[in-house]
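# Topology and contacts: notes
Here's the letter readout for the chains.
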Amino acid sequence: MTTPSAATSSTASGQAHGPAPARAGAPGGRRGALGPVGLVLAGGVSVQFGGALAVTLMPRAGALGVVTLRLLVAALVLMVLCRPRLRGHSRTDWGTVIVFGIAMAAMNGLFYQSVARIPLGPAVTLEVLGPLTLSVLASRRAVNLVWAALALTGVFLLGGGGFSGLDPLGVAFALGAGAMWAAYIVFSARTGRRFPQADGLALAMAVAAVLFLPLGVLESGTKLLDPTVLALGAAVAVLSSVLPYTLELLALRRLPASTFAILMSLEPALAATAGFLVLDQALAATEAAAIALVIAASMGAVRTQVGRRRRVGAGANLTKD
């Protein structure tokens, strides 16, 4: 699961990270786009394999312990790299970044509780429904009912008509993580408008780490100090947070946000691949079809939003002329 940077503009299935992306017609054209696309895909692979590694660490440290280590290490790295200013911010600024941190902590906690109970691919597929729902509601276009129907069909297939094949509590945690992901997108964008660079992200990550620390200590205790657990937890933080943030930040300097959002729609497929290769979590044919439907719905919602923005922009230009 990826978590976007503070300078975010929400998109259909995920988030546009970092600085404003280059326009589609920027110099370099299609040939130059191969580089940033590769960076985004590498970031997605890093996130999902980091999630798979986290699952292997859970028997040692517990789900809450793994989340604590991930947030703590990521917060330390981001605070050192960004060195955000602590003074000169209003109460509204701090309120926004605190809510952002709460959403981040809840999203990660619920997701890791989910993957402790159900396979990684289905968990990410269910989680993606949060941003997808946000996109459909924000767009208010009739065509989005088609994407919503596709997604619901995928969820029905994934649950075998009643989620009898998946742990109901794991499903509930994944859906809760999706809801928190939608909240995360909203407050990530607000934080990005109030804090420069990735300062807001670093502060929010620190808030999330502080909030989660008591839960991790309560569940795992001294296990968190075990050298092997610390090393694996640091690897999860780098793979799931630090590395993808960096890659996506670099990619979005040359990649349109719409293209980025479509690439983010592939997260469930990447998660299923990581689950198969690392955790030996094979998918049934119906589960693979379900993931494909949710990916298609997510991509469709992205393209619908992008097309609407382009038409609105063209109309504004005509009016201005």
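Located above this text is the structure these notes cover.
Residues numbered from 1 in each chain as written. Predicted model: local features only at pLDDT ≥ 70, side-chain atom pairs only at ≥ 80, totals over all residues. Heavy atoms only, no water.

Turning our attention to the overall build of the chain. Along the backbone of the chain there are 10 helices and two strands. Walking the chain from its N terminus toward its C terminus, one meets helices and strands in the order β-β-α-α-α-α-α-α-α-α-α-α. Going through the 321 residues of the chain one by one, you find that 50% of them count as buried. The contacts of the chain with a sequence gap of at least 6 include a subset with a gap of at least 24, amounting to 89%. Only carbon and sulfur atoms are counted for the fraction: they give 66% of the accessible area of the chain, which is about 14200 Å². (Helix = DSSP H or I, 4+ residues; strand = E, 2+ residues; numbered from the N terminus. Buried < 20%, exposed > 50% of the residue type's maximum accessible area, 1.4 Å probe, protein only. Contact = heavy atoms within 4.5 Å. Areas by Shrake-Rupley, 256 points an atom, 1.4 Å probe, with all protein chains shown as cover.)

Taken as a whole, this structure holds one salt bridge when the rule is applied. Asp 93 serves as the salt-bridge partner of Arg 194, at 2.7 Å between the closest nitrogen and oxygen. Here the residue Arg 194 occupies a position in helix α5 (residues 168-194), and Asp 93 occupies one in helix α2 (residues 91-115), the gap between them amounting to 101 residues. (Salt bridge = Lys/Arg side-chain N within 4 Å of Asp/Glu carboxyl O.)

Moving on, we get to the environment of Leu 69. The topology assignment puts Leu 69 in helix α1 (residues 29-82). Accessibility expressed as a relative area gives 6% for Leu 69, which makes it buried. Each C-alpha atom, one on Leu 69 and one on Leu 230, is 7.3 Å from the other, the two residues being 161 residues apart in sequence. In contact with Leu 69, other than residues within four places in its own chain, are Leu 224, Val 229, Leu 230, Gly 233 and Ala 237.

Glancing now at unusual backbone geometry. Even without a glycine there, the phi angle at Arg 83 is positive, about 45°. Positive phi, close to 60°, is recorded for Asp 280, a residue that is not glycine. When you line up the elements, Asp 280 lands in the loop between α9 (267-279) and α10 (285-320). Since its relative accessible area comes to 63%, Asp 280 is described here as exposed.

Attention now moves to the packing of aromatic side chains. Tallied over the entire structure, the rule returns two aromatic pairs. Note on Phe 100 and Tyr 184: the rings are 4.8 Å apart at their centroids and 55° apart in plane angle, and the pair reads as tilted. Taken together, the residues Phe 100 in helix α2 and Tyr 184 in helix α5 connect sequence positions 84 residues apart. As far as the burial class goes, Phe 100 and Tyr 184 line up, both buried. Aromatic pair Phe 111 and Tyr 112: ring centres 5.9 Å apart, planes at 75°, arrangement edge-to-face. Across the pair, exposure class does not vary: Phe 111 and Tyr 112 are buried alike. The ring of Phe 187 has Arg 190 sitting right over it, with the charged end atom 4.9 Å from the ring centre. (Phe/Tyr/Trp six-rings, centres within 6.5 Å; stacked < 30°, edge-to-face > 60°. Lys NZ or Arg CZ within 6 Å of the ring centre and 35° of its normal.)

Under the 1.5 Å per step criterion, the end-to-end length of α9 is 17 Å for 13 residues, consistent within 8% with the ideal 18 Å. Listed as buried for α9 are Glu 267, Pro 268, Ala 271, Ala 272, Ala 274, Gly 275 and Leu 279. Projection of α9 onto a plane perpendicular to its axis shows the buried side chains occupying an angular sector of 165°, all on one side. Phi turns positive one or two residues past the end of α9, at Asp 280, with a value near 60°. (Expected span 1.5 Å × (residues − 1). Arc of directions from axis to C-beta.)

Within the largest apolar cluster, 60 residues are counted, with the highest numbers of intra-cluster contacts made by Leu 71, Met 104, Phe 111, Tyr 112, Leu 120, Tyr 184 and Met 205. With 16 residues, the top contributor of residues to this core is α1. (Core = buried A, V, L, I, M, F, W, Y, C linked by side-chain atoms within 4.5 Å.)

Looking at the secondary structure, you find His 89 in the loop between α1 and α2. With a relative accessible area of 15%, His 89 lands in the buried category. Looking at His 89, its side chain comes within polar contact range of the main-chain oxygen of Arg 85, at 2.9 Å. If we ignore the near neighbours within four places in the chain, the residues touching His 89 are Trp 94 and Phe 195. (Polar contact = N/O pair within 3.5 Å; in protein donor to acceptor, adjacent residues only side chain to side chain.)

A separate point is the side chain of Asn 108. Locating Asn 108 in the fold gives a position in helix α2. Engagement of the side chain of Asn 108 in a polar contact is seen with the backbone oxygen of Met 104, the distance being 2.8 Å.

On their own, these measurements won't tell you what the molecule is for.
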